[in-house]
Amino acid sequence: MHGSPYTVSDVMTRTVVALTGEAVFKDIVRTMEQWGVSAMPVLDGAGRVIGVVSEDDLLRKEESRDTDLDRGGRPLRWAELAKAGAVTAEELMSAPAVTVRADATVARAARVMARRGVKRLPVVGADGVLTGIVSRADLLRVFLRGDEDIAEEVRREVVDERFPVPLESVRVRVRDGVVTLTGRALDTTLVPLAERLVRSVEGVVDVRCALTGPRRRPGPEAEPAADDGTPRHAAEAGNTP
């Protein structure tokens, strides 16, 4: 069970391959090949993240070998030309590094990745010291959460909390991360809110809401009136000898 939003610390990789600023080009390439990574954080002497070296940074050297144009046919900028001639991690790295704190939500980390156009984020403490790394694949792990675990949280955190007692058979079913709500709710004004809250539960892929209002109880039918507007049973009673 996981009743609160997943944080980066829940999904991050804690064993990180990192570089010192003095690491040289060929050693960086060998390390990437050995560990099967495409980027590595660069640390200062205190373990703080000062930059990131990625495959893109390394490819500047090959890109500029026969031309001064980039892959789009545009002239390489000065910074790109400088990287083409770089030898050490400190010269090659992109800085400052885009990082994230371990207590940030998975959703926040995903937004940072999307906005900054990066595939992974070094995870740092308040002092900037490296504590882990989180990748796009790590963020997707929340969708491996079991259906029954999701259903239990939806029942506890959404249905039980938002729908007044007594409940009228609000049922929760989850299959492959898709939550289906069926049954009757006493207060239909809460249905849109419930749907939004279910979507915010970690691991939910989609929500299908088929809740309806309570059944109408049959009431006494109005009696047909006499011609003068008096209820027919009264009129008939008055005519009784």
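J.: Let's hear about helix H9 (residues 191-199): which residues, and what values?
T.: Because an α-helix packs 3.6 residues into every turn, residues spaced three or four apart end up facing the same way. Val191, Ala194 and Val198 are the residues of H9 that are buried. End-on, the buried residues of H9 take up no more than an arc of 55 degrees, which puts them together on one face. Tucked inside the fold, the buried residues of H9 contact helix H8 (147-162), strand E8 (178-184) and strand E9 (206-212).

J.: Help me get a handle on the nonpolar core, residues and values and all.
T.: Ile150, Val154, Phe163, Val172, Val179, Leu181 and Val198 are the most contacted members of the largest nonpolar core, which has 20 residues in total. When residues of this core are traced back to their parent elements, those giving at least two are H8, strand E7 (168-175), E8, H9 and E9. In terms of residue count, H8 provides more of this core than any other element does, five residues in total. Every residue in contact with Phe163, bar those within four places of it in the chain, is listed here: Val158, Ala185, Asp187, Leu190, Ala194 and Leu211.

J.: Which residues make up helix H6 (residues 106-116), and what values do they have?
T.: The complete set of buried residues in H6 reads Val106, Ala109, Val112 and Met113. Projection of H6 onto a plane perpendicular to its axis shows the buried side chains occupying an angular sector of 120 degrees, all on one side. In H6, the exposed positions that point more than 90 degrees away from the buried face belong to Ala114 and Arg115. Where H6 is buried, its residues touch helix H1 (8-11), strand E4 (100-101), strand E5 (120-124), strand E6 (130-135) and helix H7 (136-139). One or two steps after H6, the chain reaches Gly117, where phi turns positive at roughly 65 degrees.

J.: Could you give me a rundown of the sheet that holds strand E3 (residues 49-54), with the residues and numbers involved?
T.: Pairing within the open sheet is mixed, and its three strands lie in the order E1-E2-E3. The sheet terminates laterally at strand E1 (19-20) and E3, the two strands that pair on one side only. Here E1 pairs with strand E2 (residues 39-43) via two bridges, running parallel. Residue pairing in the sheet places Leu19 in a bridge with Val42 of E2. On top of the sheet, helix H2 (residues 25-35) reaches E1, E2 and E3; it is set at about 130 degrees to E2, its chief contact.

J.: I'd like a rundown of the side chain of Arg145, residues and numbers included.
T.: If you trace the backbone, Arg145 turns up in the loop between H7 and H8. A distance of 2.5 Å separates polar atoms of two side chains, one belonging to Arg145 and the other to Glu153. Looking at Arg145, its side chain comes within polar contact range of the main-chain oxygen of Glu202, at 3.0 Å.

J.: Kindly report on the side chain of Ser54, identifying the contributing residues and their values.
T.: Along the chain, Ser54 turns up in strand E3. With residues up to four places along the chain from it excluded, the contact list for Ser54 reads Met32, Ser38 and Ala39.

J.: Can you break down the confidence of the model for the protein residue by residue, with the values?
T.: Model confidence for the protein is summarised by a mean pLDDT of 83, while 76% of its residues fall at 70 or above. Here residues 231-241 is modelled with pLDDT under 50, and outside its nearest four sequence neighbours on either side it reaches nine contacts, counting other chains as well.

J.: Which residues make up the environment of Ile50, and what values do they have?
T.: By the secondary structure assignment, Ile50 is in strand E3. Between the alpha carbons of Ile50 and Met93 there is a distance of 8.6 Å; along the sequence they are 43 residues apart. For Ile50, the contacting residues outside a window of four places in its chain are Val42, Leu43, Asp44, Met93, Ala95, Pro96 and Ala97.

J.: Before we move on, could you go through unusual backbone geometry and cite the residues and values that matter?
T.: Glycine aside, residues mostly have negative phi, and peptide bonds are mostly found in the trans state. For the peptide bond that leads from Ala95 to Pro96, omega is -5 degrees, which places it in the cis range. Here Asp176, not a glycine, exhibits a phi torsion of approximately 55 degrees, which is positive. Among the structural elements, Asp176 can be located in the loop between E7 and E8. Asp176 gets classed as exposed once you look at its relative accessible area, which sits at 61%.

Procedures and definitions
Residues numbered from 1 in each chain as written. Predicted model: local features only at pLDDT ≥ 70, side-chain atom pairs only at ≥ 80, totals over all residues. Heavy atoms only, no water. Buried < 20%, exposed > 50% of the residue type's maximum accessible area, 1.4 Å probe, protein only. Helix = DSSP H or I, 4+ residues; strand = E, 2+ residues; numbered from the N terminus. Arc of directions from axis to C-beta. Contact = heavy atoms within 4.5 Å. Core = buried A, V, L, I, M, F, W, Y, C linked by side-chain atoms within 4.5 Å. Pairing = 2+ DSSP bridges. Axes fitted to C-alpha atoms, helices over the stretch in contact; angles between N-to-C directions. Polar contact = N/O pair within 3.5 Å; in protein donor to acceptor, adjacent residues only side chain to side chain. pLDDT = per-residue confidence, 0-100.

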